[in-house]
2 protein chains.
Amino acid sequence: MWAAFNGEWALEIVERDDGLITYSRLPEHYFSDYIDWPKHEKKALEYVKGRVLDIGCGAGRHSLYLQDKGLDVLAIDNSSLAIKICGLRGVKNALVSSIEEVSPDMGIFDTILMMGNNFGLFGSFEKARILLGRFYELTSSDALIIAETRDPYKTSNPNHLEYQEFNQKRGRMSGQLRIRIRFKKYTTPWFDYLLVSKDELEEILHGTGWCVNQYIDSERSNYFALVEKEFR
Amino acid sequence: MWAAFNGEWALEIVERDDGLITYSRLPEHYFSDYIDWPKHEKKALEYVKGRVLDIGCGAGRHSLYLQDKGLDVLAIDNSSLAIKICGLRGVKNALVSSIEEVSPDMGIFDTILMMGNNFGLFGSFEKARILLGRFYELTSSDALIIAETRDPYKTSNPNHLEYQEFNQKRGRMSGQLRIRIRFKKYTTPWFDYLLVSKDELEEILHGTGWCVNQYIDSERSNYFALVEKEFR
C-alpha cells in the first residue's frame, strides 16, 4: 500500500498455506474514490450512522468519505504504514490497532465498519464470537455492524474447492483462509482470514446478542451483513 | 504463459531464495510483436543468419519472426506448455528440450539465440563453460551466439546489492540467482539463472574457443553479447 501511495505499480500478493499464490490490483483499489466503488458497497454505506469505528481501514477511503459527510470516525488498522497513509490523506482520527485491541478506551460507537471483506478479520468461529461480545460492550443499543464477507461455497475454482475440503479435514471452517501477504522481501506472519456463508454467519452470531437485520448482495460471491442487537 | 495465451490476466511471479518476491508483466511481453520490441533487441536480431537454434523460446516470438523472414529455426524450451503454444502459434519446428539436452541430434546451427536474458539459462560459471563446449561442436565455423544478459552490478536496489553479497559469501557468482516461478498452485523447482557483467562473461568464455565479437547495449542494465569462434 505504501508503494502504491508512492506511485509504484504495486500488486497485493497473497500466499495461502496450500501453496496457492495469487495477486490482485487491490492496492490501486485502496485509493479509489466513491464514484468507483461497487453498488452494493455504496448501498451499505447508506446505513452508517453516528460515531463510526472503521476496522482495517487500509488507506482510509471509507473513513475519508464518511468524515467528509460530517460523521465522527475512528479509523484503525494493524499496519502502521496504513495509518501513516491515513494521516497523510487527511483522516482525522487514525490509530494503529488490530481488531483484537479494540477496547472501551476508544469510546462508544453507533456503527462498526468491516469493509472490504473485513468480516474476515474475525479469523475464526471462536474468535468472532469473543470479539462480537466485546463489540457489544462498546456500542450503543441501536448500533449496527456493517460487515462484508464472501460466501466461500460460491466458487467453481478447483483450487478453492480442494482447499475447503482440506480445511474441513483439519477441523477448520471451509472458508477459514490461512494466508500471508508478501511484497518484495517483506512477509507478514501467517494469519487467518474468515469467509462465511450466510448460514455460517448466523451460526456465529447465535447467542452473542447480535443478529442479522438485512443482507446486501453483490453481483459476485461477496455480500454485506447489517448486524444489529437482538434486544434494543 | 498458458494463462496469458488463454486471455487470463497473468503475471510472472518470481521468488528468490532470499525471500524476495517480484512480479512482472512478462507474460504479455512473451506474446508481443516485433514493433513493440526494444531497439537493442531488434539490432541484435539483424545478426541472425543461417540455421537457428532458439533456446528458451517461450511463446516463440523470435522464432516466428525469423521463420517469417525465411530462416530455418528450431525452437526449444523445457516447458511443454510453451512448446504447445509455439505449435499453436505456427512455429514449424518446436521441441521440448532444456539447454542441457541440446545435442548433435539437432543438427548444425549457424546462430544460437539466447534472447530475453537467456544467457541466464547457463546457470553457473562451470555449467556455462561445459555447455559452450557442446555448442562449439554443433555449430558452423562462423557461427554466432546471440545472448542477452544483465549486468547485475548496475543496480542501486538494496535488496539486490545485499543478495550479491550473500552470493559471494556462499561462493556463488554475484548474479547467480536462485529462483523459482510460482503461479496459482504451480511452483517450479528452484533453479539457477545467471546474470553477468561483461568482464564476467569474458572470463566464462576464456578458453572455450568462443570470444566476444561485439556488445549491443540497451538503455538499461541488460545487453547483448555477439559471441563467435576464436579461430575460424
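Residues numbered from 1 in each chain as written. Chains lettered and ligands numbered in written order. Predicted model: local features only at pLDDT ≥ 70, side-chain atom pairs only at ≥ 80, totals over all residues. Heavy atoms only, no water.

### Details of the pairing of strand 12 (residues 222–229) of chain B
Residues and elements named next belong to chain B.
Phase 1: Extensive coverage of strand 12 is indicated by the burial of eight of its eight residues.
Phase 2: Across seven bridges, the pairing between strand 7 (residues 139–150) and strand 12 is antiparallel. Looking across to strand 12, one finds that I145 is bridged to V227.
Phase 3: With seven bridges connecting them, strand 11 (residues 210–217) and strand 12 associate as antiparallel partners. Paired with Q214 across the two strands is L226, which belongs to strand 12. (Buried < 20%, exposed > 50% of the residue type's maximum accessible area, 1.4 Å probe, protein only. Helix = DSSP H or I, 4+ residues; strand = E, 2+ residues; numbered from the N terminus. Pairing = 2+ DSSP bridges.)

### Considering the side chain of B:S218
Residue and element names in this part refer to chain B.
Phase 1: Topologically, S218 is positioned in the loop between strand 11 and strand 12.
Phase 2: A distance of 3.0 Å separates a polar atom in the side chain of S218 from the backbone nitrogen of R220.
Phase 3: Here N222 takes part through its backbone oxygen, which lies 2.6 Å from a polar atom of the side chain of S218. (Polar contact = N/O pair within 3.5 Å; in protein donor to acceptor, adjacent residues only side chain to side chain.)

### Quick notes on the relation of the copies chain B and chain A
Phase 1: The operation relating chain B to chain A is a screw motion whose rotation component is 180°, with 0.0 Å of axial translation and a residual RMSD of 0.0 Å. Put plainly, the chains are arranged around a two-fold axis.
Phase 2: A shared binding surface is used by both copies, with 100% of the interface residues of chain B retained as interface residues in chain A. (Least-squares fit on C-alpha atoms with pLDDT ≥ 70 in both. Contact = heavy atoms within 4.5 Å.)

### As for the confidence of the model for chain A
Phase 1: When pLDDT is averaged along chain A, the result is 97; 100% of the residues meet or exceed 70.
Phase 2: For this predicted complex, the interface confidence score (ipTM) comes to 0.83, while the overall pTM stands at 0.89. (pLDDT = per-residue confidence, 0-100.)

### Points about the packing of helix 6 (residues 125–137) of chain B against helix 8 (residues 198–205) of chain B
Residues and elements named next belong to chain B.
Phase 1: One can describe the packing of helix 6 onto helix 8 by two numbers: an axis separation of 9 Å at closest approach and a directional angle of 50°. The orientation of helix 6 with respect to helix 8, classified from their angle, is oblique. In terms of crossing hand, the pair formed by helix 6 and helix 8 is right-handed. On the side of helix 6, the interface is formed by F125, A128, R129 and L132, while helix 8 contributes E203, I204 and L205.
Phase 2: Tallied by class, residues from the contact of helix 6 with helix 8 come to five nonpolar, no polar and two charged. (Axes fitted to C-alpha atoms, helices over the stretch in contact; angles between N-to-C directions. Parallel < 35°, antiparallel > 145°, perpendicular 65-115°, else oblique. Left-handed = near helix turned anticlockwise from the far one by under 90°. Nonpolar A, V, L, I, M, F, W, Y, C, P; charged D, E, K, R; others polar.)

### Quick notes on the packing of aromatic side chains
Phase 1: With the rule as written, the count across this model stands at 22 aromatic pairs over all chains.
Phase 2: When the ring of A:W37 is compared with that of A:Y65, the centres are 5.7 Å apart and the planes differ by 75°; the resulting orientation is edge-to-face. Remark: A:Y65 occurs in helix 4 (residues 61–68) and A:W37 occurs in the loop between helix 2 (26–29) and helix 3 (39–45); sequence separation between them is 28 residues.
Phase 3: Seen from their ring centres, B:F122 and B:F135 are 5.8 Å apart, and the 40° between their planes marks the pair as tilted. Residue B:F122 is found in the loop between strand 6 (109–114) and helix 6, and its partner B:F135 is found in helix 6; the two are separated by 13 residues along the sequence.
Phase 4: The exposure class of B:F122 is buried, given its relative accessible area of 1%.
Phase 5: Residue class for B:F135 comes out buried when judged on its relative accessible area of 1%.
Phase 6: Put simply, the rings of A:W2, A:F5 and A:F31 pair up and form one aromatic cluster.
Phase 7: Above the plane of the ring of A:Y136 lies A:K229, whose end atom (NZ or CZ) is 4.2 Å from the centre.
Phase 8: In this structure, B:R25 packs its charged tip against the face of A:W9, placed 3.9 Å from the ring centre. (Phe/Tyr/Trp six-rings, centres within 6.5 Å; stacked < 30°, edge-to-face > 60°. Lys NZ or Arg CZ within 6 Å of the ring centre and 35° of its normal.)

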